[in-house]
Amino acid sequence: SAVISQKPSRDICQRGTSLTIQCQVDSQVTMMFWYRQQPGQSLTLIATANQGSEATYESGFVIDKFPISRPNLTFSTLTVSNMSPEDSSIYLCSVEATEGETQYFGPGTRLLVL
Amino acid sequence: AQSVAQPEDQVNVAEGNPLTVKCTYSVSGNPYLFWYVQYPNRGLQFLLKYITGDNLVKGSYGFEAEFNKSQTSFHLKKPSALVSDSALYFCAVRASLRRAGSYQLTFGKGTKLSVIP
């Protein structure tokens, strides 16, 4: 499976600011995804990060709030914009294995918004 | 819409005893089913999957899961629990055939497994 790293691993941010989370994979992958895990909750897909085109957002998530970049096949960023305490969550990136079935997850970014 | 139910928020089991973590699902068409484990302050680790074939699938760390199509279930099992198995377990499903542009992997709410020494 691919080795996935995320930066930062955790952060504490002030209301109204923005944070950009980076996801790096050690091999080229076609599909990359961003998930949110709110405290005590399950994972929810935010968007699919498409290389060379705009991300595909799931219902309830918009580009203005969660802009995503995917400049190449090994890297993606997720920005959480104009943060509020409700954005306090774990943000995880994942990649789809080459067989097109299994998703593997990064270690997550733990965000606390004050 | 696809969904996953993990009916138990917490499962307690004594070390050395067998464990079962329950999962039922709903999806259009044939399912792809997955189990992941999350240790404290860690990301999700893939344990095992059912795609097709044998209903009993084996995965990492001695875990296995049985796909039951008639009961739409995919329960996670281990013959002998270890204290180190204590973690949060997530079941996930997606349809084998994707709608155009949709790669939704739907997760259950998770079951906290505590193995008591």
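Scroll up to find the structure.
Residues numbered from 1 in each chain as written. Chains lettered and ligands numbered in written order. Predicted model: local features only at pLDDT ≥ 70, side-chain atom pairs only at ≥ 80, totals over all residues. Heavy atoms only, no water.

Draft legend 1. Structural detail: the sheet that holds strand E7 (residues 68-72) of chain A. Residues and elements named next belong to chain A. Strand order in this open sheet of four strands is E1-E3-E8-E7, and the pairing throughout is antiparallel. The open sheet has two edge strands, strand E1 (4-7) and E7, and neither has a second partner. Adjacent strand axes in the sheet meet at a mean angle of 15°, parallel and antiparallel pairs treated alike. With four bridges connecting them, E1 and strand E3 (residues 19-25) associate as antiparallel partners. Within E3, the position partnered with Lys7 by the bridge is Gln22. (Pairing = 2+ DSSP bridges. Helix = DSSP H or I, 4+ residues; strand = E, 2+ residues; numbered from the N terminus. Axes fitted to C-alpha atoms, helices over the stretch in contact; angles between N-to-C directions.)

Draft legend 2. Highlighting the nonpolar core. Residues and elements named next belong to chain B. Counting residues in hydrophobic clusters, the biggest one holds 29 residues, and the most contacted among them are Trp35, Leu47, Leu48, Phe74, Leu76 and Tyr89. With five residues, strand E10 (residues 87-95) is the single largest residue contributor to this core. Apart from residues lying up to four places away in sequence, Phe74 is in contact with Cys23, Leu33, Phe34, Trp35, Leu48, Lys49, Tyr50, Val57, Ala65, Glu66 and Phe67. (Core = buried A, V, L, I, M, F, W, Y, C linked by side-chain atoms within 4.5 Å. Buried < 20%, exposed > 50% of the residue type's maximum accessible area, 1.4 Å probe, protein only. Contact = heavy atoms within 4.5 Å.)

Draft legend 3. Up close: the packing of aromatic side chains. Following the criterion strictly, the structure yields 14 aromatic pairs over all chains and no others. Through successive ring pairs, a cluster of aromatic residues spans A:Tyr35, A:Tyr104, A:Phe105, B:Phe34, B:Tyr36, B:Phe46, B:Phe90 and B:Phe107. (Phe/Tyr/Trp six-rings, centres within 6.5 Å; stacked < 30°, edge-to-face > 60°.)

Draft legend 4. Representation of the state of the cysteines. For the coordinates displayed, the defined rule picks out two disulfides over all chains. The side chain of A:Cys23 participates in a disulfide bridge whose partner is A:Cys93; the two sulfur atoms lie 2.0 Å from each other. One disulfide, between A:Cys23 and A:Cys93, carries an S-S torsion of 65° and so falls in the right-handed class. Of this pair, A:Cys23 sits in strand E3 while A:Cys93 is found in strand E9 (residues 89-96), placing the two residues 70 residues apart along the sequence. A relative accessible area of 1% means that A:Cys93 is categorised as buried. In this model B:Cys23 forms its disulfide with B:Cys91; the gap between the sulfur atoms is 2.0 Å. One disulfide, between B:Cys23 and B:Cys91, carries an S-S torsion of -60° and so falls in the left-handed class. Taken together, the residues span a long stretch of sequence, with B:Cys23 in the loop between strand E3 (19-21) and strand E4 (24-26) and B:Cys91 in strand E10 at a distance of 68 residues. Across this residue pair, the class does not change: B:Cys23 and B:Cys91 are buried. In this structure A:Cys13 is not part of a disulfide, and its nearest cysteine sulfur, from A:Cys93, lies 18 Å away. (Disulfide = S-S within 2.5 Å.)

Draft legend 5. Seen up close, unusual backbone geometry. For the peptide bond that leads from A:Lys7 to A:Pro8, omega is -10°, which places it in the cis range. Here A:Pro8 lies in the loop between E1 and strand E2 (10-13). Residues other than glycine seldom take positive phi values, yet B:Tyr61 does so here, at roughly 60°. In this structure, B:Tyr61 sits in the loop between strand E7 (56-58) and strand E8 (64-68).

Draft legend 6. A look at the environment of A:Arg36. All names here are of chain A. Tracing the backbone through its elements, the reader meets Arg36 in strand E4 (residues 32-37). C-alpha separation for the pair Arg36 and Ile68, spaced 32 residues apart in sequence, amounts to 14 Å. Every residue in contact with Arg36, bar those within four places of it in the chain, is listed here: Ser42, Leu43, Thr44, Ile46, Phe61, Phe66, Ser89, Ile90 and Tyr91.

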